[in-house]
Each structure stands twice: as structure tokens, then as C-alpha cells.
Amino acid sequence: MTPLRPARPEFRNINAFKDLTTYRLPPAGWVSILHRVSGALMFLLLPFVVWMMDTSLSSELSYGSFTAAFSAGIGFVPGWFVKLVALALIWAYLHHFCAGVRHLIMDATHKVDKAYGRSSAIVTLALSLGLTVVLGAKLFGLY
């Protein structure tokens, strides 16, 4: 007699409209996705970073126009939008840095279990968002 094999699980493709709305991503998954998003955002905002660096370091007059861009705006772009783009850049840098340090620590210490991944992901999210709030408050002149 041949032994009965257990039924194999059925694998199917993910339906983007039905399955993605109910899927719960763990914190480590969010950190991984946001790490990629922050890297792409920094790459796309690289011309803005180069402009900020150039205008802030060229001369005193260009530094004055640089600081005025955050209050008066640039051309048809209002100043609050320039601050919002700078805040997005601040978040992208801080999150990418914190997630990169998390990956380096995990690689160096070989801590690749589920519990450490979850706790380090939560710390990464909290730290990057907390630092973004602090620097965003400074950017918008709250202190």
C-alpha cells in the first residue's frame, strides 16, 4: 500500500484589488519598503539638494536669496511648499540613515530572528519620525 500524502497547499497569484487591501505588513516590511522609497526620494530630489548647496555657499547675497526662498517662495512656488519639499528630504535622509544603521547592526551581530527584526523596525520607525518632527519644527520656526 502506498501511504497517503497530505494535501499540498494551493498557491495562487495575489489579486491587487482584493488581497492587497486586507494584507497586514509587519513593521520590518514597512521599514524595508520605506527604505527603498526614501532612497528613491533622495535620488529624485538630488537637483534640489545641489541647488540648496550651491545657493547657500556661493556668497552672502545668494545665501540671502536661499533663506528668502523658504519664506517668500521661488517664482510661482510658494514658500510653504519649498519647506514641505525640504521636510520630505529631511524625512528621507533620516529614515534611510536609521534603516541603514539597522541593517548594518543586523548584519554585524547576526541577529536575524523575528523578534529582533520587529523590535528594531519599530525603533527605526519611531526614531526616524521623531527626529523628523524635531527638525520639521525647527524648519517651520516653532523653536
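Keep in mind that this is a model prediction, so the values were computed, not measured. (Residues numbered from 1 in each chain as written. Predicted model: local features only at pLDDT ≥ 70, side-chain atom pairs only at ≥ 80, totals over all residues. Heavy atoms only, no water.)

**Student:** In this structure, what is going on with the UniProt feature "binding site: heme" (unreviewed entry) in the chain? I would like to understand it.
**Tutor:** Sites flagged by UniProt as "binding site: heme" (unreviewed entry) map to His96. Note that His96 resides in helix 4 (residues 79-109). Looking at His96, the relative accessible area reads 25%, which means it is partly exposed. Filtering out sequence-adjacent residues up to four positions away, His96 remains in contact with His35, Ser38, Gly39 and Met42. Within the structure, His96 has its side chain in polar contact with the backbone oxygen of His35 (distance 3.1 Å). (UniProt positions renumbered as here; feature names shortened; annotations may be inferred. Helix = DSSP H or I, 4+ residues; strand = E, 2+ residues; numbered from the N terminus. Buried < 20%, exposed > 50% of the residue type's maximum accessible area, 1.4 Å probe, protein only. Contact = heavy atoms within 4.5 Å. Polar contact = N/O pair within 3.5 Å; in protein donor to acceptor, adjacent residues only side chain to side chain.)

**Student:** How should I be thinking about the UniProt feature "transmembrane region" (unreviewed entry) in the chain in this particular structure?
**Tutor:** The feature "transmembrane region" (unreviewed entry), as given by UniProt, occupies residues 33-53, 73-94 and 115-137 in the numbering adopted here. Taken end to end, residues 73-94 has its terminal C-alpha atoms 25 Å apart, with 73% of it in helix and 0% in strand.

**Student:** Please clarify how the environment of His103 should be interpreted in this entry.
**Tutor:** Note that His103 resides in helix 4. Along the chain, His103 and Met52 lie 51 residues apart, while their C-alpha atoms are 30 Å from each other.

**Student:** Any chance you could explain a nonpolar patch on the surface here in plain terms?
**Tutor:** Together, Trp80, Phe81, Leu84, Val134, Leu135, Phe140, Leu142 and Tyr143 make up an exposed nonpolar region whose accessible area comes to about 850 Å². No other element matches the three residues that helix 4 contributes to the nonpolar patch. Tracing the backbone shows Leu142 in the segment after helix 5 (114-139). (Patch = residues over 30% accessible without salt bridge, like charges linked within 9 Å, V, L, I, M, F, W, Y side chains within 5 Å. Areas by Shrake-Rupley, 256 points an atom, 1.4 Å probe, with all protein chains shown as cover. Salt bridge = Lys/Arg side-chain N within 4 Å of Asp/Glu carboxyl O.)

**Student:** Looking at this structure, I do not really get the nonpolar core. What am I missing?
**Tutor:** The nonpolar side chains of a soluble globular protein tend to be buried with one another. Of all hydrophobic cores here, the largest spans nine residues; its members are Leu45, Phe48, Met52, Phe66, Phe70, Val82, Val85, Ala86 and Leu89. If you list the elements that add at least two residues to this core, you get helix 2 (46-57), helix 3 (60-71) and helix 4. Take this core: its biggest share by element is four residues, from helix 4. If we skip the residues at most four places from it in the chain, Leu45 touches Val85 and Leu89. (Core = buried A, V, L, I, M, F, W, Y, C linked by side-chain atoms within 4.5 Å.)

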